[in-house]
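Fold and geometry: a report
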Amino acid sequence: MMNLNLINDESTEFADAVKQKIVEFNQVQWQGLSRKNIGLKLQNEEGKLLAGISGKTFGNWFSIDYLWVDDSLRQQKIGTRLLLAAEGQAKERGCRFVLLDTLDFQAKPFYERHGYKVQWIQQAYPESGSKFFMLKVL
């Protein structure tokens, strides 16, 4: 029997290497499909970031990673503008669904107003809060 060593490695490089192995394995099943980033930002004349949305499209799915608006610009429909523009790009790429997650103190009501439905709630996250996984059909 081969002598194997179990080694603790909490580095980002190790996590990235494991992720790459999974990506390589999955690519065999998903040949022809590629992930493409979506990123839209709002900035001032000096180039300061004021708001943005980022995510990825993959097949039928658009996954929103982050949507952020500076406190000074909230309640001015900037988040709505970013969200609708990103959904539009995803539709143009053939996406039929959008998936995101939001925490209990973040933007659940905002997403619900835009047609997102809670699919699953992760309770006690990270200790006493909740994380909502939400879906929208485009």
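We now turn to the structure provided with this report. Everything numeric in this text was worked out from a predicted model, so none of it was measured.

Counting buried positions along strand β2 (residues 49–58) gives 7 out of 10 residues, so the element sits mostly inside the fold. Bridge count between strand β1 (residues 36–43) and β2: 8 bridges; the pairing is antiparallel. What sits directly across from N37, in β2, is K56. Bridge count between β2 and strand β3 (residues 61–69): 8 bridges; the pairing is antiparallel. Across the sheet, S54 pairs through a bridge with Y66, a residue of β3. The hairpin formed by β2 and β3 contains 2 residues between the paired strands, and G59 there has a positive phi angle of roughly 60°.

Rules behind the numbers
Residues numbered from 1 in each chain as written. Predicted model: local features only at pLDDT ≥ 70, side-chain atom pairs only at ≥ 80, totals over all residues. Heavy atoms only, no water. Buried < 20%, exposed > 50% of the residue type's maximum accessible area, 1.4 Å probe, protein only. Helix = DSSP H or I, 4+ residues; strand = E, 2+ residues; numbered from the N terminus. Pairing = 2+ DSSP bridges.

By themselves, these are just geometric observations and shouldn't be taken as functional.
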